[in-house]
Amino acid sequence: MKKVNDSRRTYMLITIPILALFVCFNTVPLIHGVIYSFTNFKGFGEYDWVGFRNYMDLFTDPRIGNSYLFTIKLAIVATIVTNVISLILALGLNSKIKGKTFLRAAYFVPNVLGALVVGYIFQYIFTYILPEIGKMTGSETLSTSMLSSTSLAWIAIVVVCAWQNIAMNTIIYISGLQTVPEDVYEAGDLDGATGWKKFRYLTFPLIIPFFTINMVLCVKNFLMVFDQIMAMTQGGPAQSTESISYLIYQNGMEGGSFGYQSANAVVFFIVIVAISVAQMSISSKKEEQL
């Protein structure tokens, strides 16, 4: 009985401080943000209640609409690119090749670096190095910085986002591939399954839970993209790469529209939760079918 009480006391001593910190630094700010979304708070001084006016204005603000379109486009393209490349890398690194332990560690390096640091490095590459290469090769597209083009800047951000996120996705896919029993492949060999058919009918169905994890994490992370934009374009040129997170920060913290952007943040939170739940529901149905 004493051991049970000691275990319960230890559990409470560990859980209560963590729960208190979570409530203090996560739940309370979230509640404050929801409250401010119903006000005209500028981030300082007094404020008045405006009810649902902020939420109504969101749906008629073209800048908000453009930021949502850009962010969703970025999330879709970056998610596809990241998962395709990381799955190919995982298949290669899970095969019987020499030095795969070193290669796994090498491919994970981008995930260790800070997003802001990576953003500034790639800003230099896209601003100075690629234009020089473009001039040497006679390419008009690469002769000027992609970050100064309203039609190409988003591609540069996709490249940076994918480059950094491929590392973690590859590790997760490798973990999934290592759970596939060898017996499955042996049975497939007897049935004549090779190459693409082996991947489609044997490997992929068995790693769908890992595919689901990667898809949900990718979409969530790319929808919340901020550091790369802050370091590379700061929403430009001409607000063509202004993500929702960056817009909330810029107008809320610096532009004196704290209450309005709090409403934007609440809507954005609901959108992310809805998309994540939809992804999980669709993936779970596919798993049941298989």
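Shown above is the structure to which this text applies.
Residues numbered from 1 in each chain as written. Predicted model: local features only at pLDDT ≥ 70, side-chain atom pairs only at ≥ 80, totals over all residues. Heavy atoms only, no water.

A. Main features of the side chain of S243. Tracing the chain through its elements places S243 in the loop between α11 (227-232) and α12 (244-254). Aside from chain neighbours lying at most four places away, what touches S243 is S67, F70, T71, V225 and I229. (Helix = DSSP H or I, 4+ residues; strand = E, 2+ residues; numbered from the N terminus. Contact = heavy atoms within 4.5 Å.)

B. Quick peek at the packing of aromatic side chains. Throughout the structure, instances matching the rule amount to 17 aromatic pairs. Summarising the aromatic geometry, the rings of F41 and Y47 are spaced 5.2 Å apart at their centres and angled 70° between planes, so their arrangement reads as edge-to-face. Residue F41 is classed as buried on the basis of its relative accessible area of 10%. Its relative accessible area of 34% is what places Y47 among the partly exposed residues. Among the aromatic residues, ring-to-ring pairing joins Y36, F41, Y47 and F258 into one connected group. A cation over a ring is seen here: K73 above W154, with NZ or CZ 4.5 Å from the ring centre. (Phe/Tyr/Trp six-rings, centres within 6.5 Å; stacked < 30°, edge-to-face > 60°. Buried < 20%, exposed > 50% of the residue type's maximum accessible area, 1.4 Å probe, protein only. Lys NZ or Arg CZ within 6 Å of the ring centre and 35° of its normal.)

C. Focus on the nonpolar core. Core analysis: the largest hydrophobic core is formed by 28 residues, its most contacted members being L58 and F268. Not counting residues up to four positions away in its chain, the partners in contact with F268 are Y68, L223, M224, I244, S245 and I248. By size, the runner-up hydrophobic cluster in this structure holds 10 residues, among which are L87, A90, I174 and F199. (Core = buried A, V, L, I, M, F, W, Y, C linked by side-chain atoms within 4.5 Å.)

D. Local environment of the pattern of salt bridges. Tallied over the full model, the rule gives 1 salt bridge. Its salt-bridge partner being R63, residue E242 comes within 2.6 Å of it at the nearest N-O pair. Note that E242 is positioned in the loop between α11 and α12 and R63 in helix α3 (residues 62-93), a separation of 179 residues in sequence. (Salt bridge = Lys/Arg side-chain N within 4 Å of Asp/Glu carboxyl O.)

E. Molecular detail of helix α7 (residues 153-177). An ideal rise of 1.5 Å per residue puts 36 Å on 25 residues; α7 measures up with 35 Å between its terminal C-alpha atoms. At I166, α7 shows its maximal bend, which comes to roughly 35°. Of all the 25 residues making up α7, 19 are buried; the element is thus mostly covered by neighbouring parts of the structure. (Expected span 1.5 Å × (residues − 1). Bend = angle between axes of the 7 residues up to and from the residue.)

These figures capture arrangement, not role.
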